[in-house]
Structures are given as C-alpha cells and as structure tokens.
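Next come the chains, spelled out residue by residue.
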Amino acid sequence: MPATAPHELYDPLVHTQQDDLYDIYRRLRDDHPVYHCERRDVWCLTRFDDVQAAARNWETFSNANGVDLDLPGQFHGVGNFLDSDPPRHDVLRKVVRPFFVPKEIAKLEDQIAERVDRLAAQLAGAERIDIAQDFAWALPIWVICRLLGVPAADDDLVHDMVIELETRHLGDDGPSERMVSALDKMHAYIEDLAEQKRRAPGEDLMSHLVAGEAEGAPRREEIPGMAVLLFTAGSETTASLIGHTLHLLAEHGEAQQALRHEPAQRIDAVIEESLRMEAPVQYLARQTTGAARVRDVEIPEDADVILIWGAANRDERHFEHAETFDIERPSQRHLAFGEGIHFCLGAPLARLEARLAIPAFLRAVSSYEIQASTERLCHPGMRGFTHLPATIG
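Structural notes, computed from the coordinates. Source: prediction; values computed, not measured.

With that out of the way, let us pick up the packing of helix H5 (residues 109-123) against helix H15 (residues 347-364). Where H5 meets H15, the axes come as close as 9 Å, and the angle between the chain directions of the two elements is 35°. As for the relative orientation of H5 and H15, their crossing is right-handed in sense. Each of Glu109, Ile112, Ala113, Val116, Asp117, Ala120 and Leu123 in H5 lies in contact with H15, whose residues at this interface are Leu349, Leu352, Glu353, Leu356, Ala357, Ala360, Phe361, Arg363 and Ala364. Taken together, the residues that form the contact of H5 with H15 break down as 12 nonpolar, no polar and four charged.

If you want it as structure tokens, here you go:
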C-alpha cells in the first residue's frame, strides 16, 4: 500500500501558478501517484502511463460532467463538446474538424506568416516590450477571429472577453458573478455574429456552423457553447505555448543560439520540448462512471479525477532527464494536447502558429532579457503568461 500522503500536498485549484509546481508534481509521482486531495475530494493522476491510459478510457473516465474542476459541466454552453462524451461529442467535433485538419491549416500559412511579420516588425527598435501582450496573445486571437469570421475591428473586444471569462480567483470552487457576466456578454456577441452569418454567410467557420442548423448539427442552441470553446481554446493555449517557448529560450541561451542559427531545422524540436516542459493546459478533469483501479488504489464511482498532463510530461519513468529543457531530445510522444478521443482539435493550428512566430520574433529581436515582473494567467488549470515584460538588447 502507498504511504499516507501529507495533508494538502497538492491543491489543484491553487498550485498551478506556483513556482515550485514541478517539485510538487515530482513528489506526487514518486510517493503518491494516485493522490486524493481531501479538501476538493478529487483524485489526481501524475505518472505518464496512468494519465495516458485514463485519457484513452473515456467510457470509465468521462468528460460529461465537465473538464474544469472549478466549474459545472457545460458551463460555457451546451455545445461545448469537450464537456461531453459520444455520441454527441463525436457529432459536434465532426462539424468543426474539417477546419482543423493539417491540409486546411496549411492553407492559412501565408496569412499567418504575414500577420507574424507585422507583429514582429512592431517590436524591432523597441527598448522594452511585453512579449505576452504585444506578441504571444496578439497572434492567436487574430487567427481564431479570422477562422470564425469575426470582423477585424472586434479583435480587441474578443481578446478582452476571453481574458475576462478565463481569469479566476484561485481557490474558488465555482464561477464568480464576474465570470457569469462575462459569459453572458460573450454569448450575446456570438449570437449576434451567428445572426450576421445567417443573413450573409461566408467561407468562415461560423458560417459553416449556422449552415448546419438545418440538419441539427449543430443545433441552434449549441452554437454559443461551441464558439466559446473555440475562442478560448484557440487563443489561450497557443498564447501560452508562444510565451513559454520564448521564456524558456531566454533562460537557455545555447538553445536560443542553436535555433537562431538553424531555425528551419530546429523549430519543431523546440516547440515539442516547450510543450512537454510547460503544458499550456496543466490538467483536465474527468468523472468515473464506475469504480476504477489505478495501481493499487481503487477510485470510487462518480469520483472527480484530474489527469495532470504537466506532471506526466515530466515523468522520469518515461522521459530521460525529464526536468531538463533539451532541444536535442529524441522525438517522444507527450501529452500536452491530451490523448484519446478528446485530443486537442487545434493542435496542428497551434503548432503552425508557433512554428512561424518563434523564428520571426528572433529575427526581429537580436537579444532579449525577461524582467522579474511577469504575470501569469490566474487560472487553476492553465499555465501561461498575461504579461511577460522584456528588455531588448
């Protein structure tokens, strides 16, 4: 039997933002790989093999009660297919999937590259910049807005709504009034946008969604929830990836110089190692549909469980020298984008954006140094920067 875990070794609604997060994960993996947080009554899986197996077993580890530990299921709207299981999950995911397959994503490359060059050009010559606000967030918000057919004039509005909706008070175990108000505002915006597309459809994803109403895929009432998922997941995860990659490169000068010297040959390895080291989504929740045994611990039926991607990706049992940022690491599958039927739909788009953005930033900025006054997105399950100030050399 495992040793008794110390009280409050890990609180998933508090610890994601802490500097010692990965030390806590290591202690969990080594001593309490199936940890029960009594305060939240949630079971926490941290070893790679356990997290991967649970993610693949959606029949036992269900998404139907929601994947946000601090929010009720379908909080963002009934169309949020991440908060659902088959068959409806498959129906709704299939509706949007054609816009995220690599073949379609490749068609966006020239547009994204042009946008990246514009953003990077604005950094050249500056003495101080905010990498998060000026670059890491500015790109994915622009991309997801173009994909959904949002007028360019509304980009800042969408950005503000996403931040307002996703910013939490750590430790809260339910939505605040501010979040409810932000969600209402976002739903109203999406419903107005959908109505515009019904009157004047285009080639964008929102036009595609409203065109599917006639066949019930999606149903009209599902469109706001689907769009909220796309706006939030399509912006904050990629912003986190870009911000963390540039933060890691600032800390690892040899890796940065290697990438500057051979950008085309090394960028993919840099991105994958950044994703492994700093998963934008640190964990997602599941609920057991029956008793589940993991190692020698029985997790009861109807239990809340979190699959901690950020801990699994640093599991020394799976990755050699797992705590080291190593862009020479042999290619290995990580779990930053999840696993199984809920694997992140937008992974190809996020990778493309980062593949274009990181080298463009390094071309525009000959050297940079991150300042101490960084600010992280205040979110229990997301790890990313809202402010990443830097001085330019």
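The discussion continues.
This brings us to the sheet that holds strand E4 (residues 128-130). Spatially, the three strands line up as an open sheet ordered E4-E12-E9, and their pairing is antiparallel. Two strands bound the open sheet, and with one partner strand each, they are E4 and strand E9 (368-370). Strand-to-strand, the axes of this sheet are offset by a mean angle of 30°, without reference to chain direction. Across three bridges, E9 lies against strand E12 (residues 389-392) in antiparallel orientation. For Glu369, the partnering residue across the bridge sits in E12 and is Thr391.

Turning our eyes to something else, we now look at helix H1 (residues 21-31). Those residues of H1 that fall on the buried side of the exposure criterion are Leu21, Tyr22, Ile24, Tyr25, Leu28 and Arg29. One side of H1 carries all its buried residues, which in axial view fall inside an arc of 150°. Residues of H1 that are buried sit in contact with strand E1 (34-37), helix H13 (263-277), strand E8 (304-308) and helix H14 (309-312).

When we look at burial in helix H2 (residues 48-56), the residues that qualify are Phe48, Asp50, Val51, Gln52, Ala54 and Ala55. Looking at the buried positions of H2, the neighbouring elements they touch are strand E2 (42-45), strand E3 (61-62), strand E6 (292-294), E8 and H14.

This paragraph deals with the pattern of salt bridges. The tally for this structure, following the rule as stated, stands at 36 salt bridges. Here Arg168 and Asp68 are joined by a salt bridge, their closest N and O atoms 3.5 Å apart. Here Arg168, found in the loop between helix H8 (155-166) and helix H9 (177-199), pairs with Asp68, found in the loop between E3 and helix H3 (88-96); they are 100 residues apart in sequence, far enough to count as distant. With its nearest N and O atoms 3.1 Å apart, the salt bridge here joins Glu273 to Arg329.

Spatial ordering of the open sheet is given by E1-E2-E8-E5-E3, a layout of five strands whose pairing is mixed. Whereas interior strands pair on both sides, the edge strands pair on one side only; in this sheet they are E1 and E3. Relative to E8, E2 runs parallel, the two being bridged by four bridges. Each residue of the ladder has a partner; that of Trp43, found in E8, is Val305. Strand contacts of H2: E2, E3 and E8, with the helix running at about 120° to E8, the strand carrying the most contacts.

Below, the discussion takes up the nonpolar core. Inside soluble globular proteins, nonpolar side chains tend to come together where they are buried. In this structure, Val96, Phe100, Met206, Phe231, Phe361 and Tyr368 are the most contacted members of the largest nonpolar core, which totals 118 residues. In terms of residue count, helix H11 (residues 223-251) provides more of this core than any other element does, 13 residues in total. Dropping the residues within four chain positions of it, Phe231 is found in contact with Ile144, Cys145, Leu148, Val150, Val158, Val162, Met186 and Ile190. Core analysis: the second largest hydrophobic core is formed by 18 residues, Leu21, Ile24, Cys37 and Ala285 among them.

Most peptide bonds adopt trans geometry, and most residues besides glycine take a negative phi value. In this structure, Pro87 follows Pro86 across a cis peptide bond, with omega equal to 10°. Here Pro87 is to be found in the loop between E3 and H3. In this chain, Ala217 is followed by Pro218 through a cis amide linkage whose omega measures 5°. Considering the arrangement of structural elements, one finds Pro218 in the loop between helix H10 (205-211) and H11. A positive phi angle, close to 60°, is found at Gln74, a residue other than glycine. Along the polypeptide, Gln74 turns up in the loop between E3 and H3. A residue is classified by how much of its surface remains accessible, and Gln74, at 23% relative accessible area, is partly exposed. At Arg295, a position not held by glycine, the phi torsion is positive, near 55°. Tracing the backbone shows Arg295 in the loop between E6 and strand E7 (297-299). The partly exposed category is assigned to Arg295, whose relative accessible area is 43%.

Reading the values: rules and limits
- Residues numbered from 1 in each chain as written.
- Predicted model: local features only at pLDDT ≥ 70, side-chain atom pairs only at ≥ 80, totals over all residues.
- Heavy atoms only, no water.
- Axes fitted to C-alpha atoms, helices over the stretch in contact; angles between N-to-C directions.
- Helix = DSSP H or I, 4+ residues; strand = E, 2+ residues; numbered from the N terminus.
- Left-handed = near helix turned anticlockwise from the far one by under 90°.
- Contact = heavy atoms within 4.5 Å.
- Nonpolar A, V, L, I, M, F, W, Y, C, P; charged D, E, K, R; others polar.
- Pairing = 2+ DSSP bridges.
- Buried < 20%, exposed > 50% of the residue type's maximum accessible area, 1.4 Å probe, protein only.
- Arc of directions from axis to C-beta.
- Salt bridge = Lys/Arg side-chain N within 4 Å of Asp/Glu carboxyl O.
- Core = buried A, V, L, I, M, F, W, Y, C linked by side-chain atoms within 4.5 Å.

The values are spatial; any link to function lies outside them.
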